[in-house]
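Notes for the structure review
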Amino acid sequence: RGSVAFEPGLALALNRSTVEIEAMTITGEANWTASLDRAVLATRRAAQEDAPANAYDFSFVAAGLALPEEWAERVDRAGMLPRAMEAAEIDATLAFDRRWDRAAVEDEPPALEAVTLRDLRLSWGRLDLRGRGEIAVDAEGYAEGELDLRVQNWRDALEVAVEGGLVGADVAGAVEAALGFVAQLGGSGNAIEVPLVFADGRTMIRAPFASVPVGEAPRLARR
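Fair warning: this is a prediction, and the values are worked out from it, not measured in the lab.

Reading guide: rules and limits
Residues numbered from 1 in each chain as written. Predicted model: local features only at pLDDT ≥ 70, side-chain atom pairs only at ≥ 80, totals over all residues. Heavy atoms only, no water. Helix = DSSP H or I, 4+ residues; strand = E, 2+ residues; numbered from the N terminus. Rg over C-alpha atoms; globule rule 2.2 N^0.38 Å. Buried < 20%, exposed > 50% of the residue type's maximum accessible area, 1.4 Å probe, protein only. Contact = heavy atoms within 4.5 Å. Areas by Shrake-Rupley, 256 points an atom, 1.4 Å probe, with all protein chains shown as cover. Phe/Tyr/Trp six-rings, centres within 6.5 Å; stacked < 30°, edge-to-face > 60°. Core = buried A, V, L, I, M, F, W, Y, C linked by side-chain atoms within 4.5 Å. Pairing = 2+ DSSP bridges.

Bringing the overall build of the chain into the picture now. Looking only at helices and strands, one finds four helices and 11 strands in the chain. Compactness check: the chain gives a C-alpha radius of gyration of 19 Å against a globular reference of 17 Å for 223 residues, within 12% of the reference. Judged by the C-alpha coordinates and their principal axes, the chain covers about 60 × 40 × 30 Å. Across the 223 residues of the chain, 39% fall into the buried class. Expressed as a percentage of contacts within the chain between residues at least 6 apart in sequence, the contacts between residues at least 24 apart total 51%. As displayed, the chain offers around 13,100 Å² of accessible surface, 53% of which is attributable to carbon and sulfur atoms.

What follows is the structure, encoded as structure tokens:
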């Protein structure tokens, strides 16, 4: 069930939209299947005074989200996580190089230029991830900026990241040592708060006294 409102005019520029979903299953041509119990997806033209001209507030809240099996196995090769995520939430503002309107659908879609992430939450089995930050998109389409993360059961999260190829096996030991030091400084063995830094197409963990390379930065746009 959904609704959409456009700005007056033949261009049909997007003003706001809301989509509510319950008990949805999607099946692809290659026989992959994804599903969720319920979700709400909402967008609107960003109303903040300092927001870029073509920025949209974006909210996504989902429960019981199950990725296609092949994707899930790629992320969780160790088989540590349940089939479905208990909760996935995103609250952000996305800035594009031009507005979303009829031309964006009929021709080339707008390119993402920046993300203001106010709140990210992912609860998946023993993993609990929270994050916020400011990220731009560089000339090659890679993330550039900083994301502050709070990770519960960080050792499990690191194992999943290494098995899934998100963290290179050659740097896993250094990453674990750095995160262990951060956890000790915070007084908790299971939860850490750590900044992820994206620069020059790479991802680094900013730890006291040094930055530890993790791997390639996320690619958010194609140039």
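That was the structure; now back to the text.
Within this structure, the stated rule accounts for two aromatic pairs. Their ring planes at 65° and their centres at 6.1 Å tell us that Tyr56 and Phe96 sit as a pair that is edge-to-face. Separated by 40 residues along the polypeptide, Tyr56 in strand β4 (residues 55–66) and Phe96 in strand β5 (residues 84–96) bring together distant segments of the chain. Neither residue differs from the other here; Tyr56 and Phe96 are each classed as buried. Of the aromatic side chains, those joined through ring pairs into one cluster are Tyr56, Phe96 and Trp100.

Here the focus is the nonpolar core. Here is a general trend for soluble globular proteins: nonpolar side chains tend to be buried in one another's company. Formed by 36 residues in total, the largest nonpolar core has its most connected members in Trp154, Val167, Val175, Leu179, Ile192, Phe198 and Ile205. Sorting elements by how many residues they give to this core places helix α4 (residues 172–186) first, with five residues. In this structure, Ile21, Ala39, Leu81 and Trp124 belong to the second largest nonpolar core, which totals 11 residues.

Our next topic: the environment of Ala103. As for its placement among the helices and strands, Ala103 is situated in helix α2 (residues 102–106). A residue is classified by how much of its surface remains accessible, and Ala103, at 30% relative accessible area, is partly exposed. Taking the C-alpha atoms as reference, Ala103 lies 7.2 Å from Ala11; in sequence the two are 92 residues apart.

This part covers the environment of Phe60. Assignment of secondary structure puts Phe60 in strand β4. Distance from Phe60 to Asp91, taken between C-alpha atoms, is 6.7 Å for residues 31 residues apart in sequence.

Moving on to the pairing of strand β6 (residues 112–124). When β5 meets β6, the two strands line up antiparallel, connected through 10 bridges. What sits directly across from Ile90, in β6, is Leu120. Relative to strand β7 (residues 127–137), β6 runs antiparallel, the two sharing nine bridges. From the neighbouring strand, Leu117 faces β7, where its bridge partner is Gly133. Hairpin connection of β6 to β7: two residues between the antiparallel strands, including Gly125 at a positive phi of 60°.

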